[in-house]
Amino acid sequence: MGKKVNLYLIRHGETYLNRYKRMQGWSDSPLTEEGKVVAVATGEKLADTVFAHVYTSDSGRTLETAEIILKENKHPVPVIKRTKAFRETFFGGFEGEYSQVALKQIAEVGGIGSFDELRQQFTVKEVADLIKKADPYGHAESFDELWTRIQGGLEEVVGLDYEDDANILIVSHGNTIRNIVSQLCEEVDASVEIRNASITILQHVDQEYGMVCFNQ
C-alpha cells in the first residue's frame, strides 16, 4: 500500500457578498465579523492537527480564513501556498448579481421552477454547464473548464513529498468543494449547501480517494 494523505477541504468564512446574497465566484469580499468567528471555531477544532502543507485559492477570503484557522494551531505551520487551481467557479456575467435573480435565470434555462429543484434533478456537472449556458456573456466556466484546473491542483497536492498519513489543509470555496466531492466520492450527496468554514476530509491512497467526513 502506498502513502496515505488526508486532505482537509474547508470553505472560507462568511463574506460580505455572502451576507448580501450576491453571486461571488472570482469576485471577492472580506470576511464579516461572523465569518471570522466561525473560522476561529474551525481553527479551534483543528488546533491539535499537524499540517504538512497548506493551500488556499488566490482569493482574499480564503487566505484570510486560513490565517485565522492557523493562528489557533498548536504546531508550527507551513507557509501558505496560493493557487488559482482552487478558485471558486467563475460565474461570468452573473458575478455580483443578486443570487435569487441569477439562480432563477439558470433554473429557467434548465426548464425547472427553482434552483433547489435544479440541483435535485441535475448532476453537479450538468448544473455547471447550465450556468455557462445561462450566462448572457457566455464567460462562466463550463464543468470541463472548472474541473481541469481543480484536478490539476489536486494532482499537485497529492504528488507532494510528505510522510505517510500526512494532513494537507486546502481552504477553498463552496462550489469548488462540491465539485471535488461529486467527482471523487460519488456515494456522497454533494448537492447540499457547503457551510461556511465547514470541514470535509478526503483520504487519498493508491490513486484512490475516500470520504472521511463531509461538510461538518
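Scope of this entry: the structure provided in the associated data block. (Residues numbered from 1 in each chain as written. Predicted model: local features only at pLDDT ≥ 70, side-chain atom pairs only at ≥ 80, totals over all residues. Heavy atoms only, no water.)

### What about helix α4 (residues 99-109)?
Basically, it comes down to this: Remark: exposure states derive from per-residue accessible area (1.4 Å probe, protein chains only) relative to the maximum for the residue type, with buried under 20%, exposed over 50%, and partly exposed in between. Secondary structure elements follow DSSP: runs of H or I no shorter than four residues count as helices, runs of E no shorter than two count as strands, and numbering proceeds from the N terminus. This arc describes the spread of directions from the helix axis toward the C-beta atoms. Throughout, a contact is declared for two residues whenever any of their heavy atoms are within 4.5 Å.
Among all positions in α4, only Ser99, Ala102, Ile106 and Ala107 are buried. When α4 is viewed along its axis, its buried side chains cluster within an angular range of 135° and face the same direction. At its buried positions, α4 is contacted by α5 (115-121) and α6 (124-134). Immediately beyond the C-terminal end of α4, within one or two residues, lies Gly111, with a positive phi of roughly 75°.

### Let's talk about the pairing of strand β2 (residues 53-57)
The criterion, for reference: At least two bridges found by DSSP between two strands are what make those strands a pair. Throughout, right-handed denotes a crossover for which the path from the first strand over the helix to the second runs clockwise when the strands point away from the viewer.
The buried count for β2 comes to 5 of 5 residues, which makes it a mostly enclosed element. Note: β2 against strand β4 (residues 166-172), 4 bridges, orientation parallel. By the bridge assignment for β4, Tyr55 is matched with Ile170. The pairing of β2 with strand β3 (residues 80-83) spans 4 bridges and is parallel. Within β3, the position partnered with Ser57 by the bridge is Thr83. Crossover connection from β2 via helix α3 (residues 60-71) to parallel β3: handedness right-handed.

### Remarks on the packing of aromatic side chains
Cut-off, in case you're wondering: Each pair of aromatic rings taken from Phe, Tyr and Trp, with Trp reduced to its six-membered ring, is defined by centres within 6.5 Å and is described as stacked if the planes are under 30 degrees apart, edge-to-face if over 60, and tilted in the remaining cases. Two conditions define a charge located above a ring, namely a distance within 6 Å from the ring centre to NZ of Lys or CZ of Arg, and an angle within 35 degrees of the ring normal.
One pass over the structure, following the stated rule, counts 5 aromatic pairs. Geometrically, the ring pair formed by Tyr16 and Tyr20 is tilted, given 6.1 Å between the ring centres and 45° between the ring planes. Residue classification places Tyr16 among the partly exposed residues on the basis of a relative accessible area of 33%. Their ring planes at 90° and their centres at 6.2 Å tell us that Tyr55 and Phe86 sit as a pair that is edge-to-face. Separated by 31 residues along the polypeptide, Tyr55 in strand β2 and Phe86 in the loop between β3 and α4 bring together distant segments of the chain. Of the two residues examined, Tyr55 and Phe86, each falls in the buried class. Looking at Lys3, its charged tip hangs above the ring of Tyr162, at a distance of 5.0 Å from the centre.

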